[in-house]
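Coordinates in review
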Amino acid sequence: MKSIARPTLKQAVKAAALVFAVGATSFVNAAETKLRLSGPMSATDERAIAMTEVFAPAVADFAEFEGHWNSSLFKQGTDLEAIARGNLDMTITSAQELAEFIPAFSIFAAGYVHRDAEHQKRVFSADFMDPLKEEAEDLLGVKLLSVMYLGRRNVNLRTDQEVKTPEDLKGVKLRMPGSDAWQFLGKALGANPTPMAFAEVYTALQTGAVDGQDNPLPTTKDAKFHEVTKQIILTGHLVDLNYIAISKEVWDSFTPEQQAILQKASDDAAESARQKQLAQEASLAQFFRDQGLKVYEPDLKAFQEHVQAAYMDSDYSKQWPEGLLEQINAQ
Ligand code: KDO
C-alpha cells in the first residue's frame, strides 16, 4: 500500500471537506462551476476525446469542463490525492491507483480477471461493487461515476527475440506504470518490471533504457510507441479499465437534477470511448504489421496459468474480499 498512512489521508480528506463546507455557497450558482479534470492520457486518446466532445457539452448549462491531459496538472498516480485534498475536481483513474489506498481494487489490476469490455460494465454496476465505491468515497472523497474501457494490454518490445511463454520474458526490462500493483503484474508475466511514468516511455524505448512496455493497441498507437519498437506479443494479459471519477464534495454541491445529467454525461462519454477503443483494437494489428512490426500470439495458456498462479500465491489475493473473485467470474 502507498506510504501515505490512512489516518493521515483521512485527516486530509476531512480538512478538504471542511474547506469545501466553508466555500460551499459558491457552488449555489452552479453556472460558474468549473470541473477541472487531470489525467495522463493525451488529448487525442479516445477517453479524452469523449470527455471533451460528449461529456463537456452535456453539462455545459451548469458546469464548465476543463480537461488537462498528459499529466500537465498532476503527475501520473497523484490525481486521487489531489482530489482528496480538494485541489482537483475530476480524473480518469485506474484500479491500480485506487489499490494504493483500498487494497481490494487490486483484484481489477490482476491479470486475466476481466474477460472483455461488457464484462467490465456488468461488474462495475453489480451490487458487490457498492462497498468498494463507498470506501473510495469515505476514504478519498472520490465518487466513481462510470467505467471506461482502456483495452487489452499486450507486451510491446524494442528487441526482436521471439516470446512464446513467460520464460522468454526472463530478464526483459519491462516498463510498467509506477504503483506496486502494476509492478506485480510485470513480475507475474515473467519479466523484470521497472516503474516509469507514461510520459517518459517513448524516450526510454528510443534510447534503450527499457526493453519494452505494455499497453492496449490504441494506446500504443496514440503514443507512437510503434516508431521505437519491433514487436507486439498479443498476451492480452489485462483487460484494462479506468474510472471516470469526481470529487464527492463537488458532486454533492450539485442539485439532484444536475447530478442525473452529470451521471448520464459520464456514462455516455464512457460508452462512446468504449466503442471507439473496441473498433480501433479490431483493426490495429494490421496497422502495426504495415508499420513493419511483428504482431503475434504467444502460448496464451502458458501466460494465463503463470499470471493466475502468481496472483493466487501472492498477498494480493489475500486482500480480496472473500468470494469477490467468484462473484466477478459469475458476471
Ligand atoms: C500506462 O501508464 O501505461 C497507462 O496505460 C496506465 C493507465 O491506467 C492509464 O493511466 C494510461 O496509462 C494513461 O491514461 C495513458 O493512456
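Just so it is clear, the structure is predicted and the values come from calculations on it, not from any experiment. Each chain carries its own residue numbering, running from 1 in the written order of its sequence. pLDDT decides what is reported in this predicted model: residues at 70 or higher carry local features, side-chain atom pairs at 80 or more are listed and counted, and totals for whole chains, interfaces and linings draw on all residues regardless. To obtain the side-chain values, all non-hydrogen atoms of the structure were included, while hydrogens and water were left out.

**A short note on the environment of Glu162**
Stated formally: Strands here mean DSSP runs of E at least two residues long; helices mean DSSP runs of H or I at least four residues long; both are numbered from the N terminus. Contact definition: two residues touch when any of their heavy atoms are within 4.5 Å.
Relative to the helices and strands, Glu162 is located in the loop between strand S4 (142–157) and strand S5 (173–176). Along the primary structure Glu162 and Pro298 are separated by 136 residues, whereas in three dimensions their C-alpha atoms are 9.0 Å apart. Leave out the neighbours within four places in its chain, and Glu162 touches Asp168 and Tyr296.

**Brief notes about the pattern of salt bridges**
Applied cut-off: Here a salt bridge means any side-chain nitrogen of Lys or Arg lying within 4 Å of a carboxyl oxygen belonging to Asp or Glu. Each residue gets one of three labels from its accessible area relative to the maximum for its type: buried under 20%, exposed over 50%, partly exposed in between, using a 1.4 Å probe on protein chains only.
Taken as a whole, this structure holds 13 salt bridges when the rule is applied. Between Arg274 and Glu271 there is a salt bridge whose closest N-O contact spans 2.8 Å. Residue Arg274 and its partner Glu271 are located together in helix H11 (residues 256–290), separated by three residues, close to a single helical turn. A residue is classified by how much of its surface remains accessible, and Arg274, at 3% relative accessible area, is buried. Residue Glu271 is classed as partly exposed on the basis of its relative accessible area, which comes to 24%. For Asp315, the salt bridge is made with Lys318, and the minimal N-O distance between the two is 3.5 Å. With Asp315 and Lys318 both in helix H13 (residues 315–318), this residue pair falls three residues apart, about one helical turn. Under the relative-accessibility criterion, Asp315 is labelled exposed at 56%. Within the structure, one salt-bridge network assembled from shared partners comprises Glu118, Lys121, Glu271 and Arg274.

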